[in-house]
Amino acid sequence: MRRGRLFRWLAAGLVVAGAATVSGGAAGAVNADAMAFAQQAAGQRVIYSYPGLTPPQSLLARIRAGEAAGVIFFGENVSSLSQISGVVAQLRAAAAQSPSSQPLLLMTDQEGGQIRRLPGEPALSHKEIGQSADPATAATNAGRGAGQNLAGVDMNVNLAPVLDVFHAPGDLMDQYKRSFSANATTVGQLGANYVRAQQAVGVAATVKHFPGLGPANAADNTDTKPVTLNVSLSTLRSVHEAPYQPSIAAGAKLVMLSWAVYPALDSRPAGLSSVVVQQELRTRNGFTGVTISDALEAGALRDYGTTANRAVLAAQAGVDLILASARDVNQGDQAAQALANALADGTLDSGAFGDALARVNALRAGLT
């Protein structure tokens with residue numbers, strides 16, 4: 001049975017079973033099996049996070065059950081390379097006990113400069129790369145260094161490089177020197193170099209934040225509040241989306257969506273907009289890989305309800321992986337349960353759900 005048909009069958013079975021009271025027997029078994037499958041499938045679209053240096057038993061249980069796509073690590077989770085390597089080994093051991101044969105997605109933000117969760121490479125920020133004597137080589141070295149650093153502790157996804165085009169001194173991206181250049185073509189070239197070098201050592205690259213946070217002023221931080229970027233459609237496409245084409249051509253595995261609103265495209269934040277995800281990213285820019293949300297707890301989404309509601313809206317828009325990064329396993333559980341329920345009641349199309357899961361599984365299968 002094709003994956004899309006399987007999900008349609010499961011969703012139909014769940015809706016029918018949910019409409020009646022089933023008390024045992026074959027019908028009850030089918031309902032229980034279908035719900036278990038839905039919960040596992042939903043969990044495999046969620047990236048979990050946790051507080052402190054030790055992953056809690058609740059997270060390990062989710063992983064053993066095959067109900068998590070992966071884990072994101074932050075500075076508070078890392079005391080040394082040897083410590084985080086031990087944690088990764090523990091998570092991989094839990095995954096080996098799960099019904100899933102695919103490796104976990106184990107990720108962090110290792111952009112370079114000030115934005116590093118692990119000690120070591122890449123030392124240069126994106127801005128320093130762009131201003132170096134040989135930016136192309138520096139970008140290649142940074143991508144390779146990031147990949148080797150993550151691979152050294154058995155992580156397999158980096159949430160880098162950043163493709164936001166420099167706008168003005170001291171603005172949001174410039175505060176931490178996260179822009180390669182004010183020239184979109186240069187950003188595209190350097191980003192593609194970073195992507196190729198990083199993925200050559202087995203670590204998947206994530207380009208971000210589509211369709212571009214370059215125009216954001218210093219106070220326009222989507223982590224803390226709703227942000228609207230009033231950029232014309234022509235500028236959005238010719239400047240801020242333009243750097244994605246070279247990285248997509250270079251084979252970038254993931255694209256992270258921005259939480260800003262772009263009125264030229266839609267009235268919703270980009271990561272909740274099917275216009276942005278499906279029309280701009282997939283159709284117009286030809287991206288066929290995995291889409292991932294920015295932090296689900298971001299202040300930019302304060303008008304979009306609970307964790308559950310945000311997760312479902314992002315999935316409806318076409319986001320494949322939901323980033324539950326509040327350092328709270330319960331946040332990931334809420335997102336996963338919401339996806340499972342939405343699949344069950346038909347809020348999420350079962351065929352589209354299956355397609356998203358297929359993309360995530362293809363990514364996981366390609367990583368060691």
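Residues numbered from 1 in each chain as written. Predicted model: local features only at pLDDT ≥ 70, side-chain atom pairs only at ≥ 80, totals over all residues. Heavy atoms only, no water.

1. Observations regarding the overall build of the chain
Under the convention used in this document: Runs of E in the DSSP output that reach at least two residues are strands. Runs of H or I that reach at least four are helices, and both are numbered from the N terminus. Between the two quantities, the radius of gyration covers C-alpha atoms and the globule rule is 2.2 Å times the number of residues to the power 0.38. Only protein chains enter the accessibility calculation, which uses a 1.4 Å probe; a residue is then buried when its area is under 20% of its type maximum, exposed when over 50%, and partly exposed in between. The contact criterion used is simple: two residues touch if any of their non-hydrogen atoms lie within 4.5 Å. What sets the accessible areas is the Shrake-Rupley method with a 1.4 Å probe; for residues, cover comes only from the shown protein chains. Asp and Glu are treated as the negative residues and Lys and Arg as the positive ones, with His and the ends of the chain left uncounted. Every charge is mapped to an atom, namely NZ of Lys, CZ of Arg, CG of Asp or CD of Glu.
Counting secondary structure elements, the chain contains 13 helices and 10 strands. Taken over C-alpha atoms, the radius of gyration comes to 20 Å for the chain, in line with the 21 Å a tight globule of 368 residues would show. With the C-alpha coordinates of the chain rotated into their principal frame, the extents come out at 70 × 45 × 35 Å. Every one of the 368 residues in the chain was classed for burial, and the buried ones make up 55%. Intrachain contacts of the chain at a sequence separation of at least 6 include 77% that bridge at least 24 residues. On the chain, roughly 13600 Å² of surface is accessible, and the fraction owed to carbon and sulfur atoms is 50%. Of the side-chain charges in the chain, 27 are positive and 26 negative, and the distance between the mean point of each set is 5 Å.

2. Some details on the confidence of the model for the chain
When pLDDT is low, close inspection of the predicted coordinates is not appropriate. For clarity, the cut-off: By definition, pLDDT measures how confident the predictor is in each residue, and it falls between 0 and 100.
Averaged over every residue, the pLDDT of the chain is 92; residues scoring 70 or more account for 92%. Below a pLDDT of 50 lies the segment residues 1–27, which in the model reaches 35 contacts outside its immediate sequence neighbourhood of four places, other chains included.

3. Focus: the packing of helix α11 (residues 307–317) against helix α12 (residues 329–345)
Our working rule: Axis definition: a line fitted to C-alpha atoms, over the contacting stretch in the case of helices. Angles run 0 to 180 degrees between N-to-C directions. By definition in this entry, angles of less than 35 degrees are roughly parallel, angles greater than 145 are roughly antiparallel, angles of 65 to 115 are roughly perpendicular, and the rest are oblique. When the near helix sits turned anticlockwise from the far one by under a right angle, the crossing is termed left-handed; a clockwise turn instead gives a right-handed crossing. Three categories are distinguished: nonpolar for Ala, Val, Leu, Ile, Met, Phe, Trp, Tyr, Cys and Pro, charged for Asp, Glu, Lys and Arg, and polar for the others, with Gly belonging to the last.
At a closest axis distance of 8 Å, the pairing of α11 and α12 adopts a crossing angle of 55 degrees. As the angle between them shows, α11 and α12 are arranged oblique. Regarding α11 and α12, the two cross each other, and that crossing is right-handed. Note on element contacts: α12 touches α11 through Gln331, Gln334, Ala335, Ala338, Leu339 and Ala342, opposite Thr307, Ala308, Ala311, Val312 and Ala315. In terms of residue class, the contact of α11 with α12 is built from 8 nonpolar, 3 polar and no charged.

4. Quick word on the pattern of salt bridges
In plain terms, the rule: Every case where a carboxyl oxygen of Asp or Glu lies within 4 Å of a side-chain nitrogen of Lys or Arg is listed as a salt bridge.
In total, this model carries 12 salt bridges according to the counting rule given. A salt bridge links Lys208 to Asp109, with the shortest nitrogen-to-oxygen separation between them at 2.8 Å. Of this pair, Lys208 sits in strand β7 (residues 204–210) while Asp109 sits in the loop between β3 (105–108) and β4 (110–112), and the two are 99 residues apart along the sequence. Taking relative accessible area as the criterion, Lys208 reaches 1% and is therefore assigned buried. Across the salt bridge formed by Arg282 and Asp320, the nearest N and O atoms sit 3.0 Å from each other.

5. Examining the nonpolar core
The cut-off we apply is this: Working definition of a nonpolar core: buried Ala, Val, Leu, Ile, Met, Phe, Trp, Tyr and Cys residues. They are joined through side-chain atoms within 4.5 Å.
With 94 residues, the main nonpolar core has Ile63, Phe73, Ile84, Leu91, Met155 and Leu339 as its most contacted residues. Sort the elements by how many residues they give to this core and α12 lands first, with 8 residues. By size, the runner-up hydrophobic cluster in this structure holds 18 residues, among which are Ile47, Ala204, Met256 and Leu363.

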